[in-house]
Amino acid sequence: SLLKMRSLQLLFNPNLLFSRPLSTYLSRTRSHFFHMHSFHTQSRVVSFRYLMTLKEDNEACRHALKSGTLLLYHELAPLLRRSEGTCHLARFTCPDVGRTLEELGKGKELIREAVLLGCRETGVPQFALDVGGFDRNGMEQLCNGVFTDLRKAFFLLTEPEASLAAKGQALLRWHQTHGFCSATGQPTVRNQSGSQRVCPNSGVTYYPQMAPVVIVLVSDGSRCLLARQRSFPTGMYSALAGFCDLGESCAAGTADTPEWLISALRDLCPFELLDDAKWLRCEVTVVVRVGETLEEALRRELAEEVGLEAEDLRYSASQHWPFPQSSFMVACHATVSPHKTQVSLDKTELEDARWCSLEEIQAALTIRKPPHNPEAQPPGFWVPPAYAVANRLIQEWADERGLKLK
């Protein structure tokens, strides 16, 4: 049966036969793909299958680590470099990091603790490694970079690099906080890629998970509603969101929300609620509980926090958000009646909420980083950075509203 299983793996996943980095194969077959098929499509398929192989085959992953690139973190802060006035993630090869560790008088065995992030367009595997056990200043000098808090890095990196940095931090944090089996209390053992941990005693397998979170931008047709918590940076306003309670049924008027998304959320949702809703400094959000739909969560949140009744909901996008312990953000638009816009604020949750005109939103979207205001001046009005899905909701509303006025 083992031989038959191996044969099926080779049949449906021929990349298990790879003994070299994917980039080697891609470079050799590039001209063939251009003539026979779409190279872009084919390379992505091959890349995904190669990535699946690295997750499932420890030996293949160890081999890929030797030729892949490494992102370094220090206590979950990614290492950034500045060149030509812009910041970017610092990337290293395995030998580079090994030499750096040896210069600090440490062994290079730590490299084996790197977690697999994915593959670059060239097919080169990417890994993340936390070197928090080493001297921070010494690492920064040897690596010619600066370990930067991820929240600050979001304002400095491009969107693709910010996403990669967030994924690396989330995976590293998950391994740091899931070292023991919840059933037996015994240490768990990770595979080489870091895609899972297994308890040798109970046989239970643990996978990195995201906590579903919902976020909504409300509009009355001509304005949108933004709010802020006391924990927000001065002057920053964002979209609203809400948590799902156990066992409520689906509401009417929600045909725009795709069924596959609701089903996926039910599968992803954990069985406990993270009660503290103030951990996100860039969105007003709460973790989703098992058993309730997105529609119910958003409608109830609007009623509880700002005293409004949503009429229509429309799904927009989703995003991985690394705070506080890796969240799956689901972003939606909602409309309320222009005759029922009186806000009744829940002061225990929010510090303020305000209806904003298109002109105010357009001005806030031009601010690329937190404005600096002396204490004697009133705080400026700004919104979350471009990387945050809240910014996307606000930008979408501004674009749609602008088209209607033309």
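Predicted model only: the values in this text are computed from it and were never measured.

Student: Where do I start with the overall build of the protein in this structure?
Tutor: Within the protein, the regular secondary structure consists of 12 helices and 15 strands. Looking at the 406 residues of the protein, the share that counts as buried comes to 49%. Taking as baseline every contact in the protein between residues at least 6 positions apart, the subset at least 24 positions apart corresponds to 70%. A total accessible area of about 20,700 Å² is found for the protein, and carbon and sulfur atoms account for 52% of it.

Student: Where do I start with the environment of Thr-366 in this structure?
Tutor: Tracing the backbone through its elements, the reader meets Thr-366 in the loop between helix 11 (358–365) and helix 12 (389–405). For Thr-366, a relative accessible area of 55% translates into the label exposed. A distance of 2.5 Å separates a polar atom in the side chain of Thr-366 from the backbone oxygen of Ala-363.

Student: Teacher, can you tell me more about the packing of aromatic side chains here?
Tutor: For any pair of aromatic rings, the description rests on two quantities: the centre-to-centre distance and the angle between the ring planes. The tally for this structure, following the rule as stated, stands at 5 aromatic pairs. Measuring from ring centre to ring centre gives 6.4 Å for Phe-155 and Trp-382, while their planes differ by 55°; the resulting arrangement is tilted. Residue Phe-155 is found in the loop between helix 7 (150–153) and helix 8 (159–177), and its partner Trp-382 is found in the loop between helix 11 and helix 12; the two are separated by 227 residues along the sequence. When its relative accessible area of 27% is taken as the criterion, Phe-155 is described as partly exposed. Taking 5.8 Å as the distance between ring centres and 25° as the angle between the ring planes, the aromatic pair formed by Trp-321 and Tyr-387 counts as stacked. Note that Trp-321 is positioned in strand 13 (residues 312–321) and Tyr-387 in the loop between helix 11 and helix 12, a separation of 66 residues in sequence. The same class applies to Trp-321 and to Tyr-387, which are both buried. Cation over ring: Arg-228 sits above Tyr-237, and NZ or CZ is 5.9 Å from the ring centre.

Student: What's the story with the sheet that holds strand 11 (residues 211–219) in this structure? I'm lost.
Tutor: Sheet strands associate in pairs through backbone hydrogen bonding, adopting either a parallel or an antiparallel arrangement. Ordered by their spatial adjacency, 5 strands build an open sheet running 13-14-11-12-15, and the pairing between neighbours is mixed. In this open sheet, the two edge strands, each paired with only one partner strand, are strand 13 and strand 15 (352–356). In this sheet, adjacent strand axes meet at a mean angle of 30° when their direction is disregarded. Summarising the sheet, strand 13 and strand 14 (residues 327–335) pair through 9 bridges and their orientation is antiparallel. Residue pairing in the sheet places Arg-314 in a bridge with His-333 of strand 14. Contacts between helix 10 (residues 294–306) and the sheet are confined to strand 11, strand 12 (224–228), strand 13, strand 14 and strand 15, with strand 11 contributing the most and set at about 60° to the helix.

Student: What is the right way to look at the nonpolar core in this model?
Tutor: Nonpolar side chains in soluble globular proteins tend to end up buried together. Of all hydrophobic cores here, the largest spans 46 residues; its most connected members are Phe-154, Ile-215, Leu-217, Leu-226 and Ile-361. Dropping the residues within four chain positions of it, Leu-217 is found in contact with Cys-224, Leu-225, Leu-226, Ala-239, Cys-332, His-333, Ala-334, Leu-393, Ile-394 and Trp-397. Cys-61, Leu-65, Val-131 and Phe-147 belong to the second-largest nonpolar core, a separate cluster that totals 27 residues.

Student: Would you take a moment to explain the confidence of the model for the protein for this structure?
Tutor: Detailed reading of predicted coordinates is not advised where the pLDDT is low. Mean pLDDT over the protein: 78, with 74% of residues reaching 70 or higher. Confidence drops under a pLDDT of 50 for residues 1–39, and excluding neighbours within four residues, the segment shows 46 contacts in the predicted structure.

Student: Looking at this structure, I do not really get the side chain of Thr-148. What am I missing?
Tutor: Turning to its location among the elements, Thr-148 is positioned in the loop between strand 7 (146–147) and helix 7. The buried category is assigned to Thr-148, whose relative accessible area is 9%. A polar contact is formed between the side chain of Thr-148 and the backbone oxygen of Val-146, at a distance of 3.2 Å. Beyond its immediate chain neighbours, meaning those up to four positions away, Thr-148 contacts Ala-77, Pro-78, Leu-80, Arg-136, Ala-153 and Leu-156.

Student: What's the story with the sheet that holds strand 10 (residues 205–206) in this structure? I'm lost.
Tutor: Spatially, 3 strands are ordered 8-9-10 in an open sheet, and the strand pairing comes out antiparallel. Each end of this open sheet is capped by a strand with a single partner; those strands are strand 8 (189–190) and strand 10. Sheet topology places strand 9 (residues 197–198) next to strand 10; 2 bridges connect them, and they run antiparallel. Counted as the bridge partner of Val-198 is Thr-205 from strand 10.

Student: When you look at the environment of Glu-349 in this model, what are you seeing that I'm missing?
Tutor: Take Glu-349: it is sitting in the loop between strand 14 and strand 15. A relative accessible area of 26% places Glu-349 in the partly exposed class. Measuring from C-alpha to C-alpha, the distance between Glu-349 and Arg-228 comes to 9.1 Å, with 121 residues separating the pair along the chain.

Student: I tried to follow helix 12 on my own but got confused; where do I start?
Tutor: Note: α-helices contain 3.6 residues per turn, so residues at a spacing of three or four share the same orientation. A rise of 1.5 Å per residue sets the reference length of helix 12, with its 17 residues, at 24 Å; its end C-alpha atoms lie 25 Å apart and thus fit the reference within 8%. Of all the positions in helix 12, only Val-389, Ala-390, Asn-391, Leu-393, Ile-394, Glu-396, Trp-397, Ala-398, Arg-401 and Gly-402 are classed as buried. Contacts made by the buried residues of helix 12 are with strand 11, strand 12, strand 13, strand 14, strand 15 and helix 11.

Cut-offs used in this document
Residues numbered from 1 in each chain as written. Predicted model: local features only at pLDDT ≥ 70, side-chain atom pairs only at ≥ 80, totals over all residues. Heavy atoms only, no water. Helix = DSSP H or I, 4+ residues; strand = E, 2+ residues; numbered from the N terminus. Buried < 20%, exposed > 50% of the residue type's maximum accessible area, 1.4 Å probe, protein only. Contact = heavy atoms within 4.5 Å. Areas by Shrake-Rupley, 256 points an atom, 1.4 Å probe, with all protein chains shown as cover. Polar contact = N/O pair within 3.5 Å; in protein donor to acceptor, adjacent residues only side chain to side chain. Phe/Tyr/Trp six-rings, centres within 6.5 Å; stacked < 30°, edge-to-face > 60°. Lys NZ or Arg CZ within 6 Å of the ring centre and 35° of its normal. Pairing = 2+ DSSP bridges. Axes fitted to C-alpha atoms, helices over the stretch in contact; angles between N-to-C directions. Core = buried A, V, L, I, M, F, W, Y, C linked by side-chain atoms within 4.5 Å. pLDDT = per-residue confidence, 0-100. Expected span 1.5 Å × (residues − 1).

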